[in-house]
Amino acid sequence: MTLKFVVMSDLHVMPKGELSMTLDTGARLEEAINAVVERYADADFCILAGDLADLGQPEAYEYLKAIIARLPIPVHITLGNHDRRPAFLEVFGDDFAIETGKVDKVIDIKGYRIILLDSSEPGRVDGVLEAVQLDWLRARLAEAMDRPVIVVLHHNANALHIRSDDIRMLEPADFIAALKTHPDIRQVIAGHVHITSTASWHGLPFTTLAGGHYSVSFNVDQPEAPIRRIDGPGQMAVVIGTPDRTTVLFEDFIDGNATIGMIEGPRVVRQAAE
Ligand SMILES: [Fe+2]
């Protein structure tokens, strides 16, 4: 009974025919869907982890909805700082906003609990979890003390020593304290920064994926240094969960790297000396 799910983030979809930062983000999302259809059609579900629409227009959400209709697996969604919650709910339906008033969700599957948190806050670029969400999170964690938990949200809570550290979740203390009430947090997965990273912080594992939009060069601990926007990779994460192991793989569905050979057939391993 192995859990498998795909995380996409930072889709930045525009109304059909319009570009974002020179990129056709709708076409890039189509590439991501192709990868799921070809290689992950057996996954349990797909999560879209925010920045779904670049400018939050209803037409962009309509276009997004049309594109993801081709996904062969269920879709779960939360929002990022580029999203506009009223426009999203207008297109996708009010049921996506739960009792917290935000687009949070809990999924119980194959011995795991997955918790989606909506860290977007109108008018802000950094991430915020409101008190009602933190109460909700603590309650959902308390219900699942016997199971491993994976949290997915848009904003990274941990600093990454890069320029965008000033737009992460700037006040994460209560979030961390809530997570620490649970004995088995397997991953906290975010997008937002448009780069791939892994970290351990307060004894918890944090991951970011580069997502579907441009990625960025970074200059470690040089917040004033210029950074380059790079048109690839288009990247999604593939999360695999067994009772004792949780693995995050990164699939670059747009990478620009040529294949230089194939590894096929049985492995040839030198026998260890007696
Ligand atoms: Fe983004």
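Below or above, wherever it landed, is the structure these notes cover. Owing to the predicted nature of the structure, the values given are computational and were not obtained by experimental measurement. (Residues numbered from 1 in each chain as written. Predicted model: local features only at pLDDT ≥ 70, side-chain atom pairs only at ≥ 80, totals over all residues. Heavy atoms only, no water.)

### A short note on the sheet that holds strand E4 (residues 105-109)
1) Next: Judged by pairing direction, the sheet is mixed, and its six strands sit side by side in the order E4-E5-E6-E7-E9-E8 without closing on themselves. Only two strands of the sheet have a single neighbouring strand rather than two, namely E4 and strand E8 (197-201). For this sheet, the mean angle separating the axes of adjacent strands, direction not counted, is 20 degrees.
2) Next: Both strand E6 (residues 149-153) and strand E7 (residues 185-190) contribute to a ladder of four bridges, which runs parallel. Paired with Val152 across the two strands is Ile189, which belongs to E7.
3) Next: Contacting E4, strand E5 (112-117), E6 and E7, helix H4 (residues 131-142) crosses the sheet at an angle of about 175 degrees to E5. (Pairing = 2+ DSSP bridges. Helix = DSSP H or I, 4+ residues; strand = E, 2+ residues; numbered from the N terminus. Axes fitted to C-alpha atoms, helices over the stretch in contact; angles between N-to-C directions. Contact = heavy atoms within 4.5 Å.)

### Thoughts on the packing of aromatic side chains
1) Next: On inspection of all chains with the given rule, the structure shows six aromatic pairs.
2) Next: Both rings, one in Phe88 and one in Phe92, keep their centres 4.7 Å apart while their planes meet at 15 degrees; by these two values the pair is stacked. With Phe88 and Phe92 both in helix H3 (residues 85-92), this residue pair falls four residues apart, about one helical turn. Like Phe88, the residue Phe92 is buried in the burial classification. (Phe/Tyr/Trp six-rings, centres within 6.5 Å; stacked < 30°, edge-to-face > 60°. Buried < 20%, exposed > 50% of the residue type's maximum accessible area, 1.4 Å probe, protein only.)

### Comments concerning the pairing of E8
1) Next: Of the strand pairs in this sheet, E8 and strand E9 (residues 204-208) are connected by five bridges, and their pairing is antiparallel. Bridge pairing in E9 places Thr198 opposite Thr207.
2) Next: The antiparallel hairpin formed by E8 and E9 contains two residues in its connecting segment, where His202 sits at a positive phi of about 55 degrees.

### A few points about the coordination of the iron ion
1) Next: Protein coordination at the iron ion: the donors are Asp10 (OD), His12 (NE2), Asp51 (OD) and His194 (NE2), at 2.0 to 2.3 Å from the metal.
2) Next: One can describe the site at the iron ion as irregular: its four donor atoms subtend angles covering 88 to 173 degrees at the metal.
3) Next: Along the chain, the residues donating to the iron ion are arranged with the sequence spacing D-x1-H-x38-D-x142-H. Highlighted residues: Asp10 in the loop between strand E1 (3-8) and helix H1 (25-39) and Asp51 in the loop between strand E2 (45-49) and helix H2 (58-68), separated in sequence by 41 residues.
4) Next: Here Asp10 falls in the buried class, since its relative accessible area comes to 0%.
5) Next: The buried category is assigned to Asp51, whose relative accessible area is 2%. (Donors = N, O, S within 2.8 Å, 3.2 Å for Na, K, Ca; no water. Tetrahedral: all angles 85-135°; square planar, octahedral: opposite > 155°, others 65-115°.)

### Re the side chain of Asp104
1) Next: Position of Asp104 relative to the elements: it lies in the loop between H3 and E4.
2) Next: One buried charge, Asp104, has no salt-bridge partner; the nearest side chain with opposite charge is Lys102, at 6.5 Å.
3) Next: At 2.7 Å, the side chain of Asp104 forms a polar contact with the backbone nitrogen of Asp118.
4) Next: Non-local contacts of Asp104, meaning those with residues more than four positions away in its chain, are made with Phe96, Ile98, Leu116, Leu117, Asp118, Gln133 and Trp136. (Lys, Arg positive; Asp, Glu negative; His and termini not counted. Salt bridge = Lys/Arg side-chain N within 4 Å of Asp/Glu carboxyl O. Polar contact = N/O pair within 3.5 Å; in protein donor to acceptor, adjacent residues only side chain to side chain.)

### A look at the sheet that holds E2
1) Next: With mixed pairing, five strands are arranged side by side in an open sheet as E3-E2-E1-E12-E13. This sheet does not close on itself; its edge strands, each paired only once, are strand E3 (75-78) and strand E13 (245-254). Averaged over all pairs of adjacent strands, the angle between strand axes in this sheet comes to 20 degrees, irrespective of strand direction.
2) Next: Together, E1, strand E12 (234-242) and E13 form the strand contacts of H1, whose direction differs from that of E13 by roughly 125 degrees.

In short, geometric facts, not functional conclusions.
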